[in-house]
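Each chain is listed here by its residues.
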Amino acid sequence: MAGTDDNRRHILIGVGGGIAAYKVCSVIRHFTEAGHDVRVVPTRSALNFVGKATFEALSGNPVTTDVFDDVDEVAHVALGRQADLVIVAPATADLMSRAAAGRADDLLTASLLTARCPVLYVPAMHTEMWEHPATVANVVTLREHGATVMTPASGRLTGADTGAGRLPEPDEIGLIGDLLLDRPDALPYDLSGVRMVISAGGTREALDPVRYLGNHSSGKQGYALARAAAQRGAQVTLVSGAVSEPGDPAAVDVVHVDSAVQLGQQMQTFAKDADVVIMAAAVADFRPVNVSGSKIKKGADGPSPIQLSTNPDILARLVAARTDGEIAAETVIVGFAAETGDENGGVLDHGRTKLARKGCDLLVVNAVGDGRAFGTDDNTGWILAADGSETSLPYGSKTLMASRILDEVATLVPHGEGAPDASG
Ligand code: CTP
């Protein structure tokens, strides 16, 4: 988003007192570089981790913690009221407890009470604290109050311990924040208990020890789906081919694969226990018949040393496995189609033909070519459903598209209206 006056928004970043406070500096940068007005409101204990001068320099705005600072400007009311988005990161157990109880004993909690915009809590704490019934109850309360509470990442925590409770990466917080600015209701906690397996990225078909046949897929759409689904409460496994994403999404189990055959095997395995299967990967239709154990030499003139055979159609096989009873009949299967249109029909004509041929429940159709779709941040398209309905996806970020695709998916999942639960 460019920083024009039209899209300049007011972002309030509340910082809790945790070691992850240093990572929030990159989140502040994300929003100031997009041209937004950022106000940072740390708790007093947050300033033990990052100094006020750092927050002031990064945001370009004054920083206060106390309701009694700038009383003439009534800051404790004004900051929350004028915000278009509030992000609380790291949201510590204590801060979420105070916010859930409606306390207003510092500038941040007072601002949270006056904010009427989307509020995003990004928890970071030790696993025991995240799993404690008191925290679980506070998270439920905050969600009931309309806030989005991210499910934290798993990984290295402060000290030697690892587990759930790590602050998601700043890039990911930025993407989720951008999504809520575009669409405040993009992340309802409505997929709790839904098991999803999503494929993403491009496959690589080995030719020899140094070369492969690949494609331009960045994996952005599949990763955006996995990220948004996990933050809506789904239990997500992401089967990832080659991508240009910086890291694994928070709260998602990621399985990395190379070839179409490997991707197909993993999808078949995880689809057996899934309620929803989404094939967003760009799968190579062909692979070399032989993988040379040594580097293929140019050699003399003669036939090309590369002969290709056809890869399995993974999506069609998943649909067939559902028909054969290998995977549950009620499993929702979603495919993607990247189409250019040609003399035989437009993008949507090809999409409808493909939906019928693959037999899936939903097909997301993107127009590709001329720099569209592959590797870009934004996209547009349509969702075609097996019942003949058609939903157009307005131009926007792949994260925004993911949220709309998941809205359609949620209508097809029998238990998609799960009760909120903090453990995700
Ligand atoms: N797909 C798959 N296995 C393949 C090829 C594609 O599962 N071997 C999936 C993709 O993940 C996507 C859908 O099928 O969800 C459509 O992919 P696309 O490349 O558009 O279609 P193809 O089946 O390859 O058909 P065509 O090349 O004729 O357009």
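These figures come from a predicted structure and were not determined experimentally. (Residues numbered from 1 in each chain as written. Predicted model: local features only at pLDDT ≥ 70, side-chain atom pairs only at ≥ 80, totals over all residues. Heavy atoms only, no water.)

Topic: the domain arrangement of the protein chain
Basically, it comes down to this: Reported domain spans reflect what an automatic or database domain assignment gives. Any two residues having at least one pair of non-hydrogen atoms within 4.5 Å are treated as being in contact. Once two parts are joined, some of their accessible surface, as seen by a 1.4 Å probe, is lost; buried area is that loss totalled over both. Throughout this description, the term salt bridge denotes a Lys or Arg side-chain nitrogen within 4 Å of a carboxyl oxygen of Asp or Glu. Think of a polar contact as two N or O atoms within 3.5 Å of one another; within protein, one of them needs to be a possible hydrogen donor and the other a possible acceptor, and neighboring residues in sequence only count if both atoms come from side chains.
For the protein chain, the assigned domains are domain 1 (10-182) and domain 2 (195-417). For domain 1 versus domain 2, the separation of C-alpha centres amounts to 35 Å. Each side of the interface is counted separately: domain 1 has 12 residues, and domain 2 has 12 residues. Summing both sides of the interface, domain 1 and domain 2 together bury roughly 940 Å²; the carbon and sulfur share of this comes to 62%. In this assembly, domain 1 and domain 2 are joined by 1 salt bridge. Here arginine 227 and glutamate 172 are joined by a salt bridge, their closest N and O atoms 3.0 Å apart. Taken together, the links from domain 1 to domain 2 amount to 3 residue pairs in polar contact (both at pLDDT 80 or more).

Examining a nonpolar patch on the surface
For clarity, the threshold we go by: Patches here are clusters of residues that have more than 30% relative accessible area and form no salt bridge, with a 9 Å joining cutoff for like charges and a 5 Å cutoff for nonpolar side chains (Val, Leu, Ile, Met, Phe, Trp, Tyr). Accessibility throughout is a Shrake-Rupley quantity obtained with a 1.4 Å probe, and a residue counts as covered only by protein chains that appear here. Helix and strand definitions here come from DSSP, where helices need a minimum of 4 consecutive H or I residues and strands a minimum of 2 consecutive E residues; each element is numbered from the N-terminal end. Note on classification: 1.4 Å probe, protein chains only; a residue is buried when its accessible area is under 20% of the maximum for its type, exposed when over 50%, partly exposed between these limits.
Among the surface-exposed residues, Ile19, Tyr22 and Phe49 lie close enough to one another that they form a single nonpolar patch of about 320 Å² accessible area. With respect to the helices and strands, the residue phenylalanine 49 is situated in the loop between strand 2 (37-42) and helix 2 (52-59). Given a relative accessible area of 41%, phenylalanine 49 falls into the partly exposed group.

Here's the deal with the layout of surface pockets
Defined as follows: In this analysis, the protein atoms alone were mapped onto a 1 Å grid. Cavities are point sets where a 1.4 Å probe fits without being able to get out; pockets are open sets with protein on both sides within 12 Å along at least five of seven lines; lining residues have an atom within 4 Å of a point. Grid points are joined across faces, edges and corners, and a volume is the space filled by probe spheres set on the points. Here the nonpolar group is Ala, Val, Leu, Ile, Met, Phe, Trp, Tyr, Cys and Pro; Asp, Glu, Lys and Arg are the charged ones; every other residue, Gly included, is treated as polar.
In this structure, the largest pocket occupies an estimated 860 Å³ of space. Forming the boundary of the largest pocket are 35 residues, of which Ala281, Ala282, Val283, Phe336 and Ala338 lie nearest the centre. Put simply, the parts of the chain that give the lining of the largest pocket at least two residues each are helix 9 (220-231), helix 11 (314-323), strand 16 (332-339) and helix 12 (347-358). In the lining of the largest pocket, the residues fall into 15 nonpolar, 13 polar and 7 charged.

Things to note about the sheet that holds strand 2
In sheet architecture, strand pairing relies on hydrogen bonds along the backbone and comes in two forms, parallel and antiparallel. This is how it is decided: When DSSP locates at least two bridges between a pair of strands, those strands are taken to pair.
Ordered in space as 2-1-3-4-5, the 5 strands form an open sheet in which the pairing is parallel. Of all strands in the sheet, those bounded by a partner on one side alone are strand 2 and strand 5 (148-149). Pairing between strand 4 (residues 119-123) and strand 5: 2 bridges, direction parallel. Each residue of the ladder has a partner; that of leucine 120, found in strand 5, is threonine 148.

Brief notes about helix 10 (residues 260-271)
Because an α-helix completes one turn every 3.6 residues, residues spaced three or four positions apart along the sequence face the same direction. Our working rule: Here, expected helix span is obtained from the residue count minus one, scaled by 1.5 Å. By construction, the arc corresponds to the directions joining the helix axis to the C-beta atoms.
For helix 10, with 12 residues, the first-to-last C-alpha span of 16 Å sits near the 16 Å given by 1.5 Å per residue. For helix 10, the set of buried residues is Ala260, Leu263, Gly264, Met267, Gln268 and Ala271. In an axial view of helix 10, the angular spread of the buried residues amounts to 130 degrees, which keeps them on one side of the axis.

As for the side chain of asparagine 366
Topologically, asparagine 366 is positioned in strand 17 (residues 362-367). A distance of 3.1 Å separates the side chain of asparagine 366 from the backbone oxygen of threonine 380, its partner in a polar contact.

A look at the confidence of the model for the protein chain
Filter applied, for reference: A residue's pLDDT is the confidence the predictor assigns to it, expressed on a 0 to 100 scale.
Here the protein chain averages 92 in pLDDT, and 94% of its residues register 70 or above. In this model residues 416-424 is a low-confidence stretch, pLDDT under 50, and it forms 23 contacts with partners more than four residues away in sequence or in other chains.

Examining the nonpolar core
Operational definition: Only buried residues count toward a nonpolar core. Its members are Ala, Val, Leu, Ile, Met, Phe, Trp, Tyr and Cys residues joined through side-chain atoms within 4.5 Å.
Residues Ile13, Phe31, Met196, Leu225 and Val236 are the most contacted members of the largest nonpolar core, which totals 66 residues. Counting contributing residues, this core receives three or more from each of domain 1 (10-182) and domain 2 (195-417). Sequence-distant contacts of methionine 196, that is, excluding residues within four places in its chain, are made with Leu191, Ala229, Ala234, Gln235, Val236, Thr237, Val276, Ile278, Leu406 and Val409. Formed by 26 residues, the second largest nonpolar core is a distinct cluster that contains Val257, Ala271, Ala281 and Ala367.

Focus on the pattern of salt bridges
Scanning all chains against the criterion turns up 22 salt bridges. In this structure, aspartate 185 and arginine 183 form a salt bridge, with 3.6 Å as the shortest nitrogen-oxygen distance. It is possible to trace a salt-bridge network through shared partners that takes in Asp94, Arg98, Arg103, Asp105 and Asp106.

Digging into the sheet that holds strand 13 (residues 276-279)
Here is the rule: Every axis in this analysis is a line fitted to C-alpha atoms, fitted for helices over the stretch in contact. Angles between the N-to-C directions lie between 0 and 180 degrees.
Here we have 8 strands laid out as an open sheet, ordered 12-11-8-13-16-17-18-19, and mixed in their pairing. Each edge of the sheet is formed by a strand with only one pairing partner; in this case those strands are strand 12 (252-256) and strand 19 (390-397). Strand-to-strand twist in this sheet, taken as the mean axis angle between neighbours without regard to direction, amounts to 20 degrees. Those strands touched by helix 12 are strand 16, strand 17, strand 18 (378-385) and strand 19, and its axis lies near 150 degrees from that of strand 17. Taken strand by strand, helix 13 (residues 398-412) contacts strand 8 (195-200), strand 13, strand 16, strand 17, strand 18 and strand 19, and its axis lies near 155 degrees from that of strand 19.

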